[in-house]
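Structural overview
Here is what each chain is made of, one letter per residue.
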Amino acid sequence: MPGLLAVDLKEGTKVVHADAERSKFIKYFFKGEITPAIYGRFLISLYHVYTALETALDKCKDNANIQLIYYPVELARKEALEQDLEFFNGPDWREMLSPVSPAQQAYIDAIRRCADTKPELLIAHSYVRYLGDLSGGQILAKKLQKYNDLPDGLGVAFYYFDRIEDKDGFKENYRKRLNQVEVDDETHLAIIEESKQTFIRNIDIFAEFDHELDAIALPGHAAKK
Ligand code: VER
């Protein structure tokens, strides 16, 4: 029997959240072993995801349930990503947007499929990324700054939600809004399933860097596995 959506989402994604935290990319991130070049390309993946996500949310903003969690001013990350992309990749970063990798394409396709067939499922996509960015993402920003000696917020615009003063308050309100979503049981369960799949798609994006990360840890290099 479905309960409150915010509670079911958190419970339902616990295992995949732990899987995401255990991914090689995140482990390296925490040890400061993601090079600026790799991070620059990770930002390209994020750019594809957020472009698709924010286009889809805009397209479906008249849907009453999407409206509940539609906060383009506070949450939209595309412009912040553009700043970071330029910082890490230089002014020609748009040339790096193609070719689109398999994991990027699968993630984009999933978002578009939701927008075209069942807009309520975009709630899952919004939840996984934005609530994640406002939570664990904040820890990642600190690591990035620490290990890359970044001055004054440069390169971490993505994690800095300048239109949100109180992140915890915002997250609490967002969860309240999730609990106001009115869908039938089948759709409620489908939103949770889409969230799990979305975590897996994020893990797939991370995994595209595994090979390069392994190379960092080859004998002769200082980094460890
Ligand atoms: Fe998570 N996360 N996370 N996270 N996260 C929290 C909540 C949360 C954390 C820490 C925390 C991801 O990775 C991490 C997500 C989504 C995601 C805390 C609360 C760490 C330390 C990591 C590792 C870097 C990833 C990769 C994702 C998704 C892509 C969500 C959706 C939430 C909100 C849970 C809820 O419902 O309250 C401390």
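An account of the accompanying structure is given in this report. Only a predicted model underlies this, so the values are computations on that prediction, with no experimental measurement involved. (Residues numbered from 1 in each chain as written. Predicted model: local features only at pLDDT ≥ 70, side-chain atom pairs only at ≥ 80, totals over all residues. Heavy atoms only, no water.)

**Digging into the nonpolar core**
Ranked by internal contacts, the top residues of the largest apolar core, which has 71 residues, are Phe25, Tyr39, Leu75, Leu122, Tyr159 and Leu178. A total of 13 residues in this core trace back to one element, the largest contributor, which is helix 4 (residues 36-59). (Core = buried A, V, L, I, M, F, W, Y, C linked by side-chain atoms within 4.5 Å. Buried < 20%, exposed > 50% of the residue type's maximum accessible area, 1.4 Å probe, protein only. Helix = DSSP H or I, 4+ residues; strand = E, 2+ residues; numbered from the N terminus.)

**Considering the packing of helix 9 (residues 122-133) against helix 11 (residues 167-179)**
In contact at an axis separation of 12 Å, helix 9 and helix 11 are set at 165° when each is read in the N-to-C sense. With respect to each other, helix 9 and helix 11 are oriented roughly antiparallel. Like other packed secondary-structure pairs, helix 9 and helix 11 cross with a definite hand, here left-handed. The segment helix 9 lies against helix 11, with Ile123, Ser126, Tyr127 and Leu131 engaging Lys171, Tyr174, Arg175 and Leu178. Partitioning the contact of helix 9 with helix 11 into residue classes produces five nonpolar, one polar and two charged. (Axes fitted to C-alpha atoms, helices over the stretch in contact; angles between N-to-C directions. Parallel < 35°, antiparallel > 145°, perpendicular 65-115°, else oblique. Left-handed = near helix turned anticlockwise from the far one by under 90°. Contact = heavy atoms within 4.5 Å. Nonpolar A, V, L, I, M, F, W, Y, C, P; charged D, E, K, R; others polar.)

**Quick word on the side chain of Asn202**
Locating Asn202 in the fold gives a position in helix 12 (residues 185-207). Note on Asn202: relative accessible area 9%, which makes it buried. Discounting chain neighbours no more than four positions away, the residues touching Asn202 are Tyr107, Val128 and Arg129.

**As for the coordination of the iron atom of the ligand**
Coordination of the iron atom of the ligand by the protein comes from a single atom, His17 (NE2), at 2.1 Å. By the element assignment, His17 lies in helix 2 (residues 14-21). (Donors = N, O, S within 2.8 Å, 3.2 Å for Na, K, Ca; no water.)

**Quick word on unusual backbone geometry**
The omega torsion across Ser98 and Pro99 is 0°, close enough to zero to call that bond cis. Mapped onto the secondary structure, Pro99 falls in the loop between helix 7 (78-89) and helix 8 (102-117). A positive phi angle, close to 55°, is found at Asp149, a residue other than glycine. Its location among the elements puts Asp149 in the loop between helix 10 (136-148) and helix 11. For Asp149, a relative accessible area of 67% corresponds to the exposed category.

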